Every structure is written in structure tokens, then in C-alpha cells.
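Observations on the model geometry
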Amino acid sequence: MDHIAGEMKKLDDTAEEKLMSLEEEWNTSHARAEELQVELKKGSTTFPKNVTFLNFLDYLLVPTLVYELEYPRTHRIRPFYVLEKILATLGTFMILYVTVEHYINPVLYSLEKLDFIDAVTRLLIPFMIGYLLIFYIIFECICNGFAEMTRFADREFYEDWWNSLTFDEYARKWNKPVHEFLMRHIYLESITTYKLNKQNATFLTFFLSSCLHELVMIVIGKKVRMYLFVMQMFQIPLIYISRFLAVKKHKAAGNAFFWFGLFLGPPLLGVAYCREHFGSA
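Residues numbered from 1 in each chain as written. Predicted model: local features only at pLDDT ≥ 70, side-chain atom pairs only at ≥ 80, totals over all residues. Heavy atoms only, no water.

Overview of the pattern of salt bridges
Heads up, the condition is: Note on definitions: salt bridges are taken to be side-chain nitrogens of Lys or Arg within 4 Å of carboxyl oxygens of Asp or Glu. In DSSP terms, a helix is any run of H or I states spanning at least four residues, a strand is any run of E spanning at least two, and both are numbered starting from the N terminus. Residue exposure (1.4 Å probe, protein chains only): buried if accessible area is under 20% of the type maximum, exposed if over 50%, otherwise partly exposed.
Scanning all chains against the criterion turns up 12 salt bridges. For Arg-78, the salt bridge identified is with Glu-148, shortest N-O distance 3.0 Å. Residue Arg-78 is located in the loop between helix 3 (53–61) and helix 4 (79–108), and its partner Glu-148 is located in helix 5 (residues 116–149); the two are separated by 70 residues in the primary sequence. Given a relative accessible area of 1%, Glu-148 falls into the buried group. Arg-155 is the salt-bridge partner of Glu-148, the closest N and O atoms lying 3.1 Å from each other.

Let's talk about the side chain of Lys-176
For clarity, the threshold we go by: We define a polar contact as two N or O atoms separated by no more than 3.5 Å, with the added condition that, inside protein, one atom must be a possible hydrogen donor and the other a possible acceptor, whereas residues neighbouring each other in sequence contribute only through side-chain atom pairs. Contacts are assigned to residue pairs that have any heavy atoms within 4.5 Å of one another.
Locating Lys-176 in the fold gives a position in helix 7 (residues 176–192). The buried category is assigned to Lys-176, whose relative accessible area is 7%. A polar atom in the side chain of Lys-176 sits 3.2 Å from the side chain of Glu-156. Excluding residues that lie within four positions of it along the chain, Lys-176 makes contacts with Glu-156, Phe-157, Tyr-158 and Glu-159.

Regarding a nonpolar patch on the surface
We count it as follows: A residue counts toward a patch only above 30% relative accessible area and without a salt bridge, and it is joined to like-charged neighbours within 9 Å or, for Val, Leu, Ile, Met, Phe, Trp and Tyr, to nonpolar neighbours within 5 Å. The Shrake-Rupley method, run with a 1.4 Å probe sphere, supplies the accessible areas, and residue values consider only the shown protein chains as cover.
A cluster of nonpolar side chains, contributed by Phe-53, Leu-54, Phe-56, Leu-57, Leu-60, Leu-61, Ile-134, Ile-138, Ile-142, Phe-146 and Met-149, occupies part of the molecular surface with about 1000 Å² of accessible area. Only helix 3 and helix 5 provide two or more residues apiece to the nonpolar patch. In terms of residue count, the dominant contributor to the nonpolar patch is helix 3 (six residues).

So, helix 8 (residues 198–221)
This is how it is decided: Working rule for helices: expected span equals 1.5 Å times residues minus one.
For helix 8, spanning 24 residues, the distance from its first C-alpha to its last is 34 Å, which sits close to the expected 34 Å at 1.5 Å a residue. Among all positions in helix 8, only Ala-201, Thr-205, Phe-206, Ser-209, Ser-210 and Glu-214 are buried. The distance from a side-chain oxygen at the start of helix 8 to the backbone nitrogen of Gln-199 is 3.3 Å, and the residue carrying that oxygen is Asn-197. Just downstream of helix 8, Lys-222 is the residue with a positive phi angle, here 60°.

By themselves, these are just geometric observations and shouldn't be taken as functional.
So this is what it looks like as C-alpha cells:
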């Protein structure tokens, strides 16, 4: 804006067109500056005064992935609520441990003797139990526990994903912190900055999310197998199938199709990744 002001000072009264052009540019820049000022100030916090070690530590502890200058806060920490979440985490973890040791590991260690279909069938219920227990530990116990300790007031870490009619509804509801991060920094950014349409932005979001999940499996297994990547990308055609059922107003069929995929997915991944490892154990 200083450059525009300098150019305007150099003009005389005869350069009306140039002056009008610079005035328009000035107004646009001024409007953008005001918008930016709004974005860089929230409550009593203003950028760059927020760039401190304590602010960074606070961001690491609050159960959200999207950074804000200020988060909604509760007035106090409830010690008994924190204790409740700690005890719930330990108790649920013990149930998870029993489930894995008695119902999952025996099947995985016997993969050499079982065919693929038999192994997947035996793991359907145990893997679903493990999935639900891990979900409860992460989103109900750990997230709420850290939210209470940091006085983080936004406790909507998930919605009623079990009632989902489509797989995209499930993706929006079951993990709100990750969904909000992907929505803001990948989906919306690809539309506004790179001018992608909604379909391409959705594909890009799923692709990057699948790559990150597969990277975790590569680090754990020390091999590139791409099973999780393929299964996550396969959700895209499943979304259109489930949407077709929902559009046809077959809500029960849509929810049943969703649960069928949810029951089948984890055992398929478990057998695919563990067949080589446990088969040679």
C-alpha cells in the first residue's frame, strides 16, 4: 500500500485514468488488509504476539489439529472428571488386551493353516470389538481428558457415525478433529487456491489422507504393501453406491451397507498385513 500511495503522489491532476486505477487498487488492498487484520486477531490475542513456546505447548495439548489464536475455554478443571477418564482408559485397555490375546492373536498366528476367507470370518467380531474399544479410548477418554486438563471447551470429537447412511457421512462424523483439518487445509484450500471442483477436491483429500495412513503402516511394517491405501481409496466408489441407496430413501439398506463395509474392512486389512508376518512367526 505504501507503493500505491507513492505512485498516487507522483501523479498530477491530468492523469485521471491512472489515478482512478490506483484508487481502485488502493481500496482493494485496504479491504484485504482489514480482512487480514480480522484473521490475525481473535479476542485478546493478536498475531505475532501469540508466537511463544507456551502457546505452541498449548496447541500440542489441546485435542484439535486446527490452530486458532484462541480456543473456547471452560472456567475450571474438574479433577474427578479427569480421574474418571484415566480409569476408563485403563479399564477399556484391559478389555482390549484380553480381546487381542484371546480372539485375534490366535487366529493371526494360525494364518498358515487357514485359508483367507476362514481367517477373515473368524476375525469379523473380534476386530469390530477392538475397533469400537479403540474408538472409545481415543475419542471419549483421551480427547476428553486432555480437553478437561487444558480447559478446551469444544468437546464435539465425533457425532453419531453409527447411524451413517453413506460413507462420506461416516467420514465427516467419526473423527471430527481430522475431518476439520482436512476440510480446512486440503479440501477448501484446493477449491479456493487451485480452483479445483468439488469432485477433484474430494479425490485429492482422500488421496492425501490415504498416503499419510499408508505411510504409518510403512513405518510400522518396514515394507511397502499399499493395502490400506487401496482400501481407503476404495471408499470413493462406496460413497456413490451408498448415496444411491440413500437417495432412493432406503435408509435401512444404506445403514446396513455401511455396517457391512465397516465389519469387513478391518479383518481384510488385518489378514492382508499380518499374513506374511505371523505366517513366518
